[in-house]
Each structure stands twice: as C-alpha cells, then as structure tokens.
Amino acid sequence: MTGSRIVALGHYQPGKVLTNDDLAAFVDTSDEWIRSRVGIRARHVAGDDETVDLMAAHAAAKALAGAGTKPGDVDLVMVATCTAENRVPNMAARVAERLGIPAPAAIDVNVACSGFSHALAQADHAVRAGAASRALVIAAEKLTGVTDWTDRSTAVLTGDGAGAAVVAPAATAAETGIGPVVWGSAPEMGPAVRIEGTPAVFAQEGQAVYRWAVKELPPIARRVCERGGVAPTDLAAVVLHQANLRIIEPIARGLGAPQAVVATDVTESGNTSAASVPLAFSKLVARGEVESGAPVLLFGFGGNLSYAGQVVRCP
C-alpha cells in the first residue's frame, strides 16, 4: 500500500453572479457593510435547472479530462454535499449516471463545510486498502437554495458551485500525495450551524462560529501539517474553508505560514460550504499559483461543528 495522490482538479460555477449592490436591492444591507464584515464582493447563484448533481458532474468532467481518465476507469464516486435536493438516488449515483461511469461505489458524504476533506480522506483510505483503483471526489453545493433572503446575516454569505478531484494510486511511496487526515468535531456546538425545517433553511450563530474557529482551529491546522510531515513554513499554499474572510485571515496567521499563498476565493464566490475547498484549490492550480508537487494544506471546518484536513501535493 503506497498511498494515493490527486491527479487533477476541476471546478464549476453558475453563470449568474449576484453582487453586493444587487443584493442590497432586496435585502437591508450595502456593499460596504458586507465587505467590512465578511469580505465578500459577489457570489454565483444557480438557476432552477442547475441542480447539485449537475454542478457536480460539470466539475467532475473537467477533472477527468485533466487527468486523462475515462469514466470507465473510475470505480468510486464520492460527493460531499449538505444541500442535496433528493435523497435517493443519491448525488454520487446521479453523477455516475450523468458521466457514464459503470458500476462504481457511489457514496454521499454530509459533513457540511468540511465534507470535501472528509470525502478525500475516505477515498485515500479506499485506494490504500485496494478497495478502489480510481476515485472521483466531488463537493457540490446549492446553498442559495436553502437561503432565507430576508435574513441579511446569512443571505450575504451564500453561493453555489462545485469542485472535484481525481484520486489514483501513487506508483511509489515517494509519490504519495495525500497525507494523513486529522478530523473531529464539537458536537455540543452542532446547532450553531443548521439547515433544518420544511422547507429547509440555513441559519447560524455567527459569533459562536467565529469564536470557535479563530480559537480552536489554528492548533489543529498545525497538527495537520505535523501529521503530514510538513512544517507550516514549507507550505506553498493554504486552502481553508471559504467561510468568511474575517475567519480565514486569523486562522492563516495562527498557522504560521507567511510564505504560503492563502486562498481567498470567498471574495468572489461567497460561502459554498463543502464545495469551497476544492473550488478554491482548483482555481489556484488553474491560475498557476502553485507548482506541481508543492505541499498544500486543505482544511475544512464549519457545520456540525466539524473539521478535517490533510496536506496534499499539488497535481
């Protein structure tokens, strides 16, 4: 068992962009208020026909193309989401059907904002154990579909999109590109982030989440680096859950990686929950901001309140 690696990434965002000024036309807010509190300038909003599985399939198709991997070579599909419109067939099965992937294990993962890192770890474990030879790991969210547009504390945050990774075995131990996961939760604080009710609505206790994140997460992020055998000062990039710029900045400072590129896709995409980490990572790679083989910290946190992270090598 020599481990696994990310071969390629892909991402997708809806074409409709909702700026802060657009939002201010129907919510009691302003561009200055939003930027000063959460750092967001705009977000992408899916149309009625842009379902979670459709966005996931678009991102996955780009990752497969980048990897030169045929759908028939994939035997595990994992989709991290907390906004699936339907329960059965699950999102992974729907994506497999859209892409023409025959007979894969099809698994959905709902760990909200840390879902991608949870799913990536499980795919890594499956490849290491020989239970999968090629895995497609996707995170996709339609968070605007569960947004209360009259609540400015949450309406200013949400966006839609998807990110995907193709995971394959490493040829040698030296080529292993996905480090050990560090994961956990604070279940007693779970109600601080909720998508509940009929119809389901997103709500959160923003100050409680902020205090938990900036106090508890920097030492956990450092532990992720330690388990991955990489000092924070050796990281080329840091990709945190794109919750809020005012949360990303203190966690990045507390990590102690001043040389690293810190993903701030939240400014243009809003909070896309589980999709935010692969979406931001894929964009960094597409823009050539991280060299192939360089160590990157992926760290998701939020709903449940859960967290998960690993150091990966840039494809």
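Structural data are supplied above this passage.
Here's what I pulled together on the structure shown here.

Here is what the cut-offs are and how they apply
- Residues numbered from 1 in each chain as written.
- Predicted model: local features only at pLDDT ≥ 70, side-chain atom pairs only at ≥ 80, totals over all residues.
- Heavy atoms only, no water.
- Axes fitted to C-alpha atoms, helices over the stretch in contact; angles between N-to-C directions.
- Helix = DSSP H or I, 4+ residues; strand = E, 2+ residues; numbered from the N terminus.
- Parallel < 35°, antiparallel > 145°, perpendicular 65-115°, else oblique.
- Left-handed = near helix turned anticlockwise from the far one by under 90°.
- Contact = heavy atoms within 4.5 Å.
- Nonpolar A, V, L, I, M, F, W, Y, C, P; charged D, E, K, R; others polar.
- Salt bridge = Lys/Arg side-chain N within 4 Å of Asp/Glu carboxyl O.
- Buried < 20%, exposed > 50% of the residue type's maximum accessible area, 1.4 Å probe, protein only.
- Pairing = 2+ DSSP bridges.
- Core = buried A, V, L, I, M, F, W, Y, C linked by side-chain atoms within 4.5 Å.
- Polar contact = N/O pair within 3.5 Å; in protein donor to acceptor, adjacent residues only side chain to side chain.

## Structural notes on the packing of helix H7 (residues 206–227) against helix H8 (residues 245–255)
In step 1: The interhelical angle for the contact between H7 and H8, taken along N-to-C directions, is 40°, at an axis separation of 8 Å. The angle between H7 and H8 falls in the class oblique. Seen from above, H7 lies across H8 with right-handed handedness. Contacts between H7 and H8 involve Tyr 210, Ala 213, Val 214, Leu 217, Pro 218, Ala 221, Arg 222 and Cys 225 from the former and Arg 246, Ile 247, Pro 250, Ile 251, Gly 254 and Leu 255 from the latter.
In step 2: A class-by-class count of the residues in the contact of H7 with H8 yields eleven nonpolar, one polar and two charged.

## Looking at the pattern of salt bridges
In step 1: Tallied over the full model, the rule gives eight salt bridges.
In step 2: Among the ionic pairs, Arg 98 bridges to Asp 53, the shortest N-O distance being 2.7 Å. Here Arg 98 is found in helix H4 (residues 91–99), whereas its partner Asp 53 is found in helix H3 (residues 52–67), with 45 residues between them in sequence.
In step 3: Accessibility expressed as a relative area gives 44% for Arg 98, which makes it partly exposed.
In step 4: Across the salt bridge formed by Arg 128 and Asp 124, the nearest N and O atoms sit 3.0 Å from each other. Here Arg 128 pairs with Asp 124, and both are found in helix H5 (residues 115–128), just four residues apart, close to one helical turn.
In step 5: On the accessibility criterion, Asp 124 (2% relative accessible area) is buried.

## Considerations on the sheet that holds strand S8 (residues 182–185)
In step 1: Here five strands make up an open sheet; going across it, the order is S8-S14-S13-S11-S12 and the pairing mixed. At either margin of the open sheet sits one strand with a lone partner, and together these are S8 and strand S12 (261–262).
In step 2: Direction of pairing for strand S13 (residues 295–302) relative to strand S14 (residues 306–313): antiparallel, over a ladder of eight bridges. Along S14, the bridge assignment pairs Val 296 with Val 312.
In step 3: The strands that H8 touches are strand S11 (237–240), S12 and S13; relative to S11, the one it contacts most, it runs at about 135°.

## Focus on the nonpolar core
In step 1: Counting residues in hydrophobic clusters, the biggest one holds 44 residues, and the most contacted among them are Leu 217, Leu 235, Leu 297, Phe 299 and Phe 301.
In step 2: Those elements that provide at least two residues to this core are helix H2 (31–38), H7, S11, H8, S13 and S14.
In step 3: Here this core gets eight residues from one element, more than from any other, and that element is H7.
In step 4: If sequence neighbours within four positions are ignored, Phe 299 has contacts with Ser 117, Leu 217, Ile 220, Ala 221, Val 224, Val 239, Leu 240, His 241, Val 277, Tyr 307, Ala 308 and Gly 309.
In step 5: Among the nonpolar cores identified, the runner-up in size contains 34 residues, and Phe 116, Ala 237, Ala 263 and Ala 274 belong to it.

## Some words on the side chain of Thr 81
In step 1: Along the chain, the position of Thr 81 falls in the loop between strand S4 (76–80) and H4.
In step 2: In this structure the side chain of Thr 81 is engaged in a polar contact, spanning 3.1 Å, whose partner is the backbone nitrogen of Thr 83.
In step 3: In this structure Thr 81 touches Val 52, Met 91, Val 109, Asn 110, Ala 140 and Glu 141, once residues within four positions along its chain are discounted.

These figures come from the coordinates and say nothing about function on their own.
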